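Spelled out, the chains give:
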Amino acid sequence: DAMVIQNPRYQVTQFGKPVTLSCSQTLNHNVMYWYQQKSSQAPKLLFHYYDKDFNNEADTPDNFQSRRPNTSFCFLDIRSPGLGDAAMYLCATSKPTSGGYTDTQYFGPGTRLTVL
Amino acid sequence: KQEVTQIPAALSVPEGENLVLNCSFTDSAIYNLQWFRQDPGKGLTSLLLIQSSQREQTSGRLNASLDKSSGRSTLYIAASQPGDSATYLCAVRLNYQYTDKLIFGTGTRLQVFP
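Rules and cut-offs
Residues numbered from 1 in each chain as written. Chains lettered and ligands numbered in written order. Predicted model: local features only at pLDDT ≥ 70, side-chain atom pairs only at ≥ 80, totals over all residues. Heavy atoms only, no water. Helix = DSSP H or I, 4+ residues; strand = E, 2+ residues; numbered from the N terminus. Rg over C-alpha atoms; globule rule 2.2 N^0.38 Å. Buried < 20%, exposed > 50% of the residue type's maximum accessible area, 1.4 Å probe, protein only. Areas by Shrake-Rupley, 256 points an atom, 1.4 Å probe, with all protein chains shown as cover. Lys, Arg positive; Asp, Glu negative; His and termini not counted. Charge placed at Lys NZ, Arg CZ, Asp CG, Glu CD. Contact = heavy atoms within 4.5 Å. Buried area = accessible area lost by both parts, 1.4 Å probe. Salt bridge = Lys/Arg side-chain N within 4 Å of Asp/Glu carboxyl O. Polar contact = N/O pair within 3.5 Å; in protein donor to acceptor, adjacent residues only side chain to side chain. Nonpolar A, V, L, I, M, F, W, Y, C, P; charged D, E, K, R; others polar. Disulfide = S-S within 2.5 Å. Pairing = 2+ DSSP bridges. Axes fitted to C-alpha atoms, helices over the stretch in contact; angles between N-to-C directions. Core = buried A, V, L, I, M, F, W, Y, C linked by side-chain atoms within 4.5 Å.

Undergrad: Any chance you could break down the overall build of chain A for me, citing the residues and the numbers?
TA: Counting its regular elements, chain A contains zero helices and eleven strands. Relative to a compact globule of 116 residues, whose C-alpha radius of gyration would be 13 Å, chain A shows 14 Å and is just as compact. The principal-axis extent of the C-alpha atoms belonging to chain A is close to 45 × 30 × 30 Å. Relative to its 116 residues, chain A shows a buried fraction of 48%. Roughly 5600 Å² of accessible area belongs to chain A as shown, and the carbon and sulfur atoms make up 50% of that amount. Averaging the coordinates of the 10 positive side-chain charges in chain A and doing the same for the 9 negative ones gives two points 7 Å apart.

Structure below.
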């Protein structure tokens, strides 16, 4: 089945130690998103790629970076994780419709990040 | 700034009840509204998507309505089952060209007991 895959499902890192989260998709969608969801809060968009075009949200901290080496893969890099970065990180994909907007977003299972 | 609110925050009901979950948004200039389900520790599953020109969408026991002018959407769950227990999130897509941003509510945590 076509899907959005996130690895690892659980990640533990130490305060200040860089960490990379991975997302891959078999849907061949143009757009890939990264969301941060803290406990009992709404998912918050960090950034997204439309093909190779990177779109950063204005309030996303510089500590968060992203790479998209090809259509299928997208990475979230946290350069110096703080305790406040502990959260569920969700990857999603979508494809453009004929009107130029994008269709519904398909989410992966998420990576739960713990910072010690 | 678009804000999305969901009421109630939590709901516990016996099996078989018909339920209504509410979602309100402050800016009526939306492109669409989507309802998601999230199981504990899991990702989001899209349930229903309503375009701004539509009034409702139905899938099985689920029916979602949209009243853009009043900034409201409701998710109706008929004959609830224990398997419906999850958090239900609504999200609005802003009606600005070339933006793909979803604004989420904080969700309604539903528990259906046998």
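Okay, back to it.
Undergrad: A description of the interface of chain A and chain B should follow, citing residues and the corresponding values.
TA: If you look at the interface, chain A gives 21 residues, while chain B gives 22 residues. Both faces considered, chain A and chain B share a buried interface measuring about 1800 Å² in area, 52% of it formed by carbon and sulfur atoms. Put simply, chain A and chain B have zero salt bridges between them. The interface formed by chain A and chain B contains two residue pairs in polar contact (both at pLDDT 80 or more). Among the secondary structure elements, those contributing two or more residues to the side of chain A that touches chain B are strand 4 (31-37), strand 5 (44-50) and strand 9 (87-94) of chain A. Grouping the amino acids of the side of chain A that touches chain B by side-chain chemistry returns eleven nonpolar, seven polar and three charged.

Undergrad: Run through the state of the cysteines, naming residues and quoting values.
TA: The full count for this structure, using the stated rule, is two disulfides over all chains. Across the disulfide, Cys-23 of chain A is cross-linked to Cys-91 of chain A (sulfur-sulfur distance 1.9 Å). Looking along the S-S bond of the Cys-23 of chain A-Cys-91 of chain A disulfide, the torsion reads about -75°, which is the left-handed sense. With Cys-23 of chain A in strand 3 (residues 19-25) and Cys-91 of chain A in strand 9, the pair connects residues that are 68 residues apart, well separated along the chain. Each of the two residues, Cys-23 of chain A as well as Cys-91 of chain A, counts as buried. Between the sulfur atoms of Cys-23 of chain B and its disulfide mate Cys-90 of chain B the distance is 2.0 Å. Because the sign of the S-S torsion sets the handedness, a value of about 75° for the bond joining Cys-23 of chain B and Cys-90 of chain B places this disulfide among the right-handed ones. Here Cys-90 of chain B lies in strand 9 (residues 86-94) and Cys-23 of chain B lies in strand 3 (residues 19-25), a separation of 67 residues in the sequence.

Undergrad: With reference to specific residues and values, describe unusual backbone geometry.
TA: Put simply, Asn-7 of chain A and Pro-8 of chain A share a cis peptide bond, and its omega is -10°. In this fold, Pro-8 of chain A is placed in the loop between strand 1 (4-7) and strand 2 (10-13). In this model, Ile-7 of chain B is joined to Pro-8 of chain B through a cis peptide bond whose omega is -5°. Structurally, Pro-8 of chain B is set in the loop between strand 1 (4-7) and strand 2 (10-14). Positive phi outside glycine occurs at Ala-79 of chain B, with the angle close to 45°. Looking at the element boundaries, Ala-79 of chain B is found in the loop between strand 8 (72-77) and strand 9.

Undergrad: Explain the sheet that holds strand 3 of chain A to me, and be specific about the residues and the numbers.
TA: Remark on secondary structure: sheet strands pair via backbone hydrogen bonds, oriented parallel or antiparallel. Residues and elements named next belong to chain A. The four strands are arranged 1-3-8-7 in an open sheet whose pairing can be described as antiparallel. Looking at strand neighbours, the two that pair on one side only are strand 1 and strand 7 (64-67), the edges of this open sheet. When strand polarity is set aside, the average angle formed by the axes of neighbouring strands in this sheet is 20°. Sheet topology places strand 1 next to strand 3; four bridges connect them, and they run antiparallel. Pairing of Ile-5 across the sheet is with Ser-24, part of strand 3.

Undergrad: Pulling in residues and values, what's your account of the nonpolar core?
TA: Residues and elements named next belong to chain B. By size, the foremost hydrophobic cluster in this structure holds 24 residues, and its most contacted members are Leu-33, Trp-35, Leu-75 and Ile-77. Sorting elements by how many residues they give to this core places strand 9 first, with five residues. Every residue in contact with Leu-75, bar those within four places of it in the chain, is listed here: Leu-19, Val-20, Leu-21, Trp-35, Leu-47, Leu-48, Leu-62, Asn-63, Ala-64 and Tyr-88.

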